[in-house]
Amino acid sequence: MKKINFGTMLAIAVMGVGFASCSSNDDLDGNNNGNLELKLAQMTEVKCYSESEKNVIGENETWYYKVQDYQYTGAEHRPAAYNLFADKAPAQGNGEAVTEAEKAFVMDYLKNHPNEGSTEFNHYNYFIQYVGGSYATYNMEFIQNGAVHHTQQITGSNHIDFIEFVDQNGKTKHINDYNAGYGPRALVLNLKITAAKFHDSYANLTYDNKYQFYVIKDVPQADGTTATGYYLCFDYATKKWDNGDGEIAGDGIYNDYVIKITPACGVIDPDQPDQPVDPDPVDPVNPDDPTEPDEPAVVVTNGHVEVNLSVKANTPDSKLSVHVRDTCDFKVFIPVPEQYYCNVDDMFIVEKHYENMSYNVEPTTMERTIVDNKVTLTVTYKPEGIYVESNGINAEVLEYLRNVYGDGLTFEVNNYFNTLITRNVLIAYLNQSTIEFKNGQPKEYINTIVEEYEDENGNIIQNVDAEGNKLDCVVTRK
């Protein structure tokens, strides 16, 4: 049975902060006033991801994948984000570059259609592939006392030694391995090119206004057919001296450095933006607990929040999964009192100082930056129970996730309880859990309950513990 299709999010585990229990609190004042810091029975674990736990979001996110690193590996060994678009990867031609026939056709077209491209680009996810350069030579005149002192020939394609893309947030991204004469096939994720730069090694300058995109029809393919191609093309320029002498401003022919763009959405037309992709990955069964079922497959629809709250089969611990596919934040309340989630020794102290006393466990907080938006998940521990609350999920965050991974944002929270609680009592508390939404309401709320599942041998297993208690619990929408 497939797992729930939770969007591709980067797996980040953030451990809760534990505080040592106070074993010498008998010195509180005569009225038993004071603060007592408690520690958890075991530290809470928090994860945040989209579509697969294999992907990371925020500062550690991978946005650039070389095809050669994954072309001979199975899908189960590749990053989930790469798998979403693997079937759109361009074929090898002359090594990692396009075929010689495609290169010759494109170079001839660019030479005969100077300055006819555009700087408009509407794709977020695409493959890039090196085409080549014209290796045209330019005469640079060095002037002294009003006369030409000497002339030097510059081969522009030899001096474009690296390139950079400026994304939709104005951030410049260096494109690894693309230099004079080479560039690997690579997948670029969530990078709408708003400007393209090249570095001129001759003058040690960077140009950001010498590029155009071309859509070229009837380009010959390796299989003998023709197709429309999409190309990012640079026109070489340089300026050796600050006094204005010795400058090549460009000739309007954008053939000095050319890269092929293969949109991962399959649409070549630059006026058509990417369409969201709905992946359907199959995640492996949790190897740490083979008795725990896969989460069920669900029909992927837009505009919903899905929640699953379960008890582990062999230990009185809980796992909460909240998958957000609509523009809203949430707050879940799990009404398990502190006497069950705190260290047992701490509870002995609480019982001794039960009057007029405040005591607490510091919250566990996970924070990620997604397209310049701060998204947080906070787990707060109160005497009456545990609160799990998100903040910062907005339209821009969800658009980013759809563009890159074709899915929304998933949070997982694992809470661990002490030996004072039995599984029966824990399940009874968990079935009283609630969820409420803020900063918007989802079009649909799904509380996933797994009644039975199929094990690795094809047997149908009831999702209950040894006493017949259901392991998946009810979370009621307020």
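Here the residue numbers are simple positions, counted from 1 along each chain's written sequence. The predicted origin of the model limits local features to residues at a pLDDT of at least 70 and limits the giving and counting of side-chain atom pairs to 80 or more, whereas totals for whole chains, interfaces and linings rest on all residues. Excluded from the side-chain calculation are hydrogens and water; included are all heavy atoms of the structure.

### A word on the overall build of the chain
The number of helices and strands found in the chain is seven helices and 30 strands. Every one of the 478 residues in the chain was classed for burial, and the buried ones make up 49%. The protein chains shown are the only cover counted for residues, whose accessible areas, like all others here, come from Shrake-Rupley with a 1.4 Å probe. If you sum the accessible surface of the chain, you get close to 21500 Å²; carbon and sulfur atoms cover 45% of it. Runs of H or I in DSSP of at least four residues are treated as helices and runs of E of at least two as strands, each being numbered from the N terminus. Whether a residue is buried, partly exposed or exposed follows from its accessible area with a 1.4 Å probe, protein chains only, as a fraction of its type maximum: under 20%, in between, or over 50%, in that order.

### With respect to the sheet that holds strand β8 (residues 160-166)
Strand pairing in a sheet is mediated by backbone hydrogen bonds. Such pairs are either parallel or antiparallel. Reading across the sheet, the four strands line up as β9-β8-β11-β12 and stay open at both edges, with antiparallel pairing between neighbours. One side of each edge strand has no neighbouring strand; the edge strands of this open sheet are β9 (172-174) and β12 (205-207). For this sheet, the mean inter-axis angle between neighbouring strands, taken without regard to orientation, is 30 degrees. Strand pairing follows a simple DSSP-based rule, namely that at least 2 bridges must link the two strands. Two elements, strand β11 (residues 195-200) and β12, share three bridges in a ladder whose sense is antiparallel. Directly across from phenylalanine 198, in β12, lies its bridge partner tyrosine 207. Where helices are involved, their axes are fitted lines through C-alpha atoms of the stretch in contact, as for all axes, and angles between N-to-C directions lie from 0 to 180°.

### Focus on the sheet that holds strand β13 (residues 211-220)
With antiparallel pairing, the six strands of this open sheet are ordered in space as β4-β10-β5-β17-β14-β13. Strands at the two margins of the open sheet, each flanked by one partner only, are β4 (64-66) and β13. On average, each strand axis in the sheet is inclined to that of its neighbour by 35 degrees, with strand direction left out of account. In terms of strand pairing, β13 meets strand β14 (residues 226-234) through eight bridges, oriented antiparallel. Within β14, the position partnered with tyrosine 214 by the bridge is tyrosine 231. What makes two residues a contact is simply this: any of their non-hydrogen atoms within 4.5 Å. The sheet strands contacting helix α2 (residues 100-112) are β5 (126-132), β13, β14 and β17 (257-263), and the helix crosses β13 at an angle near 125 degrees.

### Re the nonpolar core
Judged by nonpolar contacts, the single largest core of 63 residues is most densely connected at Leu320, Phe330, Val388 and Phe411. Considering every element that reaches this core, the biggest residue donor is helix α6 (residues 395-405), with six residues. Among residues more than four places away in sequence, those in contact with phenylalanine 330 are Val322, Val324, Leu377, Val388, Glu389, Ser390, Phe411, Ile435, Glu436, Phe437 and Lys438. We call a set of buried residues a nonpolar core when its members are Ala, Val, Leu, Ile, Met, Phe, Trp, Tyr or Cys and they connect through side-chain atoms within 4.5 Å of each other. If you look at the next biggest cluster of nonpolar residues, it comprises 38 residues, including Trp63, Phe142, Ile175 and Leu191.

### Notes on the environment of aspartate 177
Mapping aspartate 177 onto the fold places it in the loop between β9 and β10 (186-188). If near-sequence neighbours (up to four positions away) are discounted, aspartate 177 is found in contact with Tyr64, Lys66, Tyr182, Gly183 and Pro184.

### A look at α6
Here α6 has its buried residues at Val397, Leu398, Tyr400, Leu401, Asn403, Val404 and Tyr405. Measuring from the side-chain oxygen of the N-cap residue of α6 to the backbone nitrogen of glutamate 396 gives 3.1 Å; that N-cap residue is asparagine 394. The positive-phi residue at the C-terminal boundary of α6 is glycine 406, with phi of around 70 degrees. Whenever a nitrogen or oxygen atom comes within 3.5 Å of another N or O atom, the pair is scored as a polar contact, on the condition that within protein one atom can donate a hydrogen and the other can accept it, and that pairs from neighbouring residues in sequence are kept only if both atoms are in side chains.

### Remarks on the confidence of the model for the chain
Each residue carries a pLDDT score, the predictor's confidence in it, ranging from 0 to 100. Here the chain averages 81 in pLDDT, and 78% of its residues register 70 or above. At the level of individual helices and strands, the chain shows its lowest average pLDDT in strand β1 (residues 14-15), which scores 25, and its highest in strand β20 (residues 329-334), which scores 98. This model gives residues 270-291 a pLDDT under 50, and the stretch forms 48 contacts once residues within four places in sequence are excluded. Per-residue pLDDT stays below 50 along residues 295-301; that stretch engages in 23 contacts with residues further than four places along the chain or on separate chains.

### Side note on the side chain of arginine 185
With respect to the secondary-structure elements, arginine 185 resides in the loop between β9 and β10. Within the structure, arginine 185 has its side chain in polar contact with the side chain of glutamine 71 (distance 3.0 Å). Within the structure, arginine 185 has its side chain in polar contact with the backbone oxygen of proline 90 (distance 2.9 Å). Those residues within four positions of arginine 185 in sequence are excluded, and the remaining contacts are Tyr65, Lys66, Val67, Gln71, Pro90, Ala91, Gln92, Glu96, Ile128, Gln129 and Tyr178.

### Section: unusual backbone geometry
Even without being glycine, asparagine 204 reaches a positive phi, approximately 55 degrees. Asparagine 204 sits in the exposed class, given a relative accessible area of 57%. Of note in the backbone geometry, asparagine 439 takes a positive phi value of approximately 55 degrees without being a glycine. Counting through the fold element by element, asparagine 439 comes out in the loop between β25 (433-438) and β26 (444-447). A residue is classified by how much of its surface remains accessible, and asparagine 439, at 57% relative accessible area, is exposed.

### Considerations on the side chain of histidine 323
Relative to the elements of secondary structure, histidine 323 occurs in strand β19 (residues 317-324). The exposure class of histidine 323 is buried, given its relative accessible area of 0%. Polar side-chain contacts of histidine 323 include one of 3.1 Å to the side chain of aspartate 407.

### As for the pairing of β17
Each regular strand displays side chains that alternate between the two surfaces of the sheet. Within β17, seven of the seven residues are buried, which leaves it mostly tucked inside the rest of the structure. Going residue by residue along β17, you find Tyr257, Ile259, Ile261 and Pro263 tucked away on one face and Val258, Lys260 and Thr262 tucked away on the opposite face as well. Note: β5 against β17, six bridges, orientation antiparallel. Looking across to β17, one finds that phenylalanine 127 is bridged to threonine 262. By the bridge criterion, five bridges tie β14 to β17 in an arrangement that is antiparallel. Across the sheet, residue leucine 232 finds its bridge partner in β17, namely isoleucine 259.

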